[in-house]
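Residues per chain are reported as follows:
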Amino acid sequence: MAIKFFNTYSRELEEFHPLDPAGKVVKMYTCGPTVYSRAHIGNFRAYVFEDLLQRHLESRGYDVHRVMNLTDVDDKTIRGSRAQNLPLRDFTAPFKEAFFEDLDTLQIKRARAYPAATEECYLQAMIAMIKTLIERGLAYQAEDKSIYYRINRFPKYGQLAHFDLAELKSTGRVKNDEYDKEHIGDFALWKAWDEEDGNVWWESPWGRGRPGWHIECSAMSMSLLGEQLDIHCGGVDNIFPHHEAEIAQSEGCSGVAPFVRYWLHCAHLLVEGQKMSKSLGNFYVLPDLLAKGYTGREVRFALLRVHYRAPLNFTFDGLEEARQSLARLDEWLRRLWEAARAGERQAHQAKSIEDDGFAIALDDDLNISAALGHLFDRIRESNRALDSGIDSARALAWLDWWGGINRVLALEATETRPNEEIIQLAEERARARMARDWKKSDQLRDQLAELGWEARDTKDGQVVTPKNHA
Ligand code: AMP
Ligand code: ZN
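The rules we used
- Residues numbered from 1 in each chain as written.
- Chains lettered and ligands numbered in written order.
- Predicted model: local features only at pLDDT ≥ 70, side-chain atom pairs only at ≥ 80, totals over all residues.
- Heavy atoms only, no water.
- Pairing = 2+ DSSP bridges.
- Helix = DSSP H or I, 4+ residues; strand = E, 2+ residues; numbered from the N terminus.
- Near = heavy atom within 4 Å.
- Polar contact = N/O pair within 3.5 Å; in protein donor to acceptor, adjacent residues only side chain to side chain.
- Areas by Shrake-Rupley, 256 points an atom, 1.4 Å probe, with all protein chains shown as cover.
- Core = buried A, V, L, I, M, F, W, Y, C linked by side-chain atoms within 4.5 Å.
- Buried < 20%, exposed > 50% of the residue type's maximum accessible area, 1.4 Å probe, protein only.
- Domains from an automatic or database assignment.
- Contact = heavy atoms within 4.5 Å.
- Donors = N, O, S within 2.8 Å, 3.2 Å for Na, K, Ca; no water.

Colleague: Help me understand the sheet that holds strand S12 (residues 274–275) in this model?
Modeller: Strand pairing in a sheet takes place through backbone hydrogen bonds and is either antiparallel or parallel in direction. Pairing within the open sheet is mixed, and its 3 strands lie in the order S12-S11-S13. Each edge of the sheet is formed by a strand with only one pairing partner; in this case those strands are S12 and strand S13 (312–314). Pairing of strand S11 (residues 269–271) with S13 involves 3 bridges; the strand directions are parallel. Each bridged residue has a counterpart across the sheet, and for Val271 the counterpart in S13 is Phe314.

Here you go:
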């Protein structure tokens, strides 16, 4: 069955076929954070969705070449650096670092490249693109010395967002005080220096200034991935004007259309039913949630489990549910490992579990709810089988099946898998208890505890689990 995605451009579900004639490489571009503050959990909803998309494509055999930009120059970064009296680079550096830290906490795979807007090679690429656009009559310099894109010359402008240019006047989405533009919707490609920019400027053929935000993504994606991309993602707020502008710039420059084959946008994250905002006190960054005792994988699961095109209402009840589901998963894995170990000496191989239901659900526009529904049904079923006892080869087959799913979900708590040392200590303790050597058994319990593991004695024997993992 083919993979299908809802393409924002056509507003239809479309079968996915990459541009690569060999059908292997997928070129994917994802808009990254503006590094003027720590990225919030709304941003991470977008990044977790993109991670799921990449991992699913990989599980289907594609080689995903993903690029994500870092916007490290714009009004907000300049304002922040001036307020703190820091060079722009020093002001943005800790936010870049925090971003990568949060990616790791959420188990989000690294992209192939994280180009930053202020890197010289990309600035030169942006300047070159703007020159071409001017030569083609698609851009002009206004009285304020800035360069603007002439949207009237690009007939497709508005097609991604599905609106008419005439509507631009009444949307209020564009500043109406820029009297010297030819059309109210013309957007800046290059912003001429003004006092508010302080010492942030680069030389260009049009004088000192800095690039506009939209041209960054066109220049970086084309420099690193070429003139056409398979997939471009972002949150719905990126559709207009950002992505609309990217199409106009990229196609205007290269003459190759479409710039992007599949546009995928995720809906917004709300917190307790409301827009996340500092004034409402519901604005969260990842460390806020970690400080409340939640783990990275609980947050990942809470962000992941709702279909990307449905608004996600992030609540603390939802986080608790995520915790419970993960506890079920952990307990199932613990039982499987135990069953797998119990028969270690049984050498025979079990048939692998032929069940592709999880991946088939994701093929359908990344239907994560159906995929997780399928997973938890199978967990319930195999738990019943575990109740009546399964042999180690069967347990290993289930663990193998789960391994494939976990490469997509990245939800397994790495610390829940006991290493050799823990297994040996646990076995030694079980032997000590058989020999009624309580002193040694207590000593071994302490040793396990020091290593972060808890040994409990149940009617079915000893159970060893990681302490306080959630
Ligand atoms: P920004 O740093 O504002 O450019 O946003 C970076 C990425 O996060 C973009 O893809 C946005 O569309 C996305 N984003 C911003 N706010 C939210 C939100 N509340 N929910 C989901 N995605 C968001
Ligand atoms: Zn972008």
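Colleague: Mind showing me how you'd approach the site of ligand 1 here?
Modeller: As a matter of local geometry, ligand 1 sits amid 15 residues, with Asn43, Gly235, Asp237, Asn238 and Leu269 nearest to it. Between ligand 1 and the protein, one listed contact pairs a nitrogen atom with a backbone N or O atom of Gly42 at 3.0 Å. Out of a free accessible area of 490 Å², ligand 1 has 87% covered by protein chains. Those elements that provide at least two residues to the shell around ligand 1 are helix H1 (41–59) and strand S9 (229–235). Top element by residues in the shell around ligand 1 is H1. It accounts for 4 residues.

Colleague: Quick question: what am I supposed to make of the nonpolar core here?
Modeller: The biggest cluster of nonpolar side chains holds 81 residues, and the ones touching the most others in it are Leu53, Leu57, Phe99, Ile231, Trp332, Leu375 and Leu409. In terms of residues, this core owes the most to one element, helix H10 (residues 316–342), which gives 11 residues. For this core, the domains that each give at least three residues are domain 1 (4–266) and domain 2 (312–409). Among all residues touching Phe99, those that are not within four sequence positions of it are Pro33, Ala39, Phe44, Tyr47, Met68, Leu70 and Tyr114. Among the nonpolar cores identified, the runner-up in size contains 49 residues, and Leu123, Leu138, Leu160 and Ala161 belong to it.

Colleague: Mind showing me how you'd approach the coordination of the zinc ion (ligand 2) here?
Modeller: Reference values for angles at a metal are 109.5 degrees in the four-donor tetrahedral case and 90 or 180 degrees in the six-donor octahedral case. Coordination sphere of the zinc ion (ligand 2), protein contribution only: Cys31 (SG), Cys217 (SG) and His242 (NE2), at 2.1 to 2.2 Å. One chain supplies every donor for the zinc ion (ligand 2), spaced along it as C-x185-C-x24-H. Remark: His242 occurs in helix H7 (residues 239–254) and Cys217 occurs in helix H6 (residues 213–225); sequence separation between them is 25 residues. Of the residues examined, Cys217 reaches a relative accessible area of 0% and is grouped as buried.

Colleague: Looking at this model, I keep getting lost on the environment of Ile405. Mind explaining?
Modeller: By the secondary structure assignment, Ile405 is in helix H13 (residues 392–409). Overall, Ile405 belongs to the buried group, its relative accessible area being 5%. Not counting residues up to four positions away in its chain, the partners in contact with Ile405 are Phe358 and Leu375.

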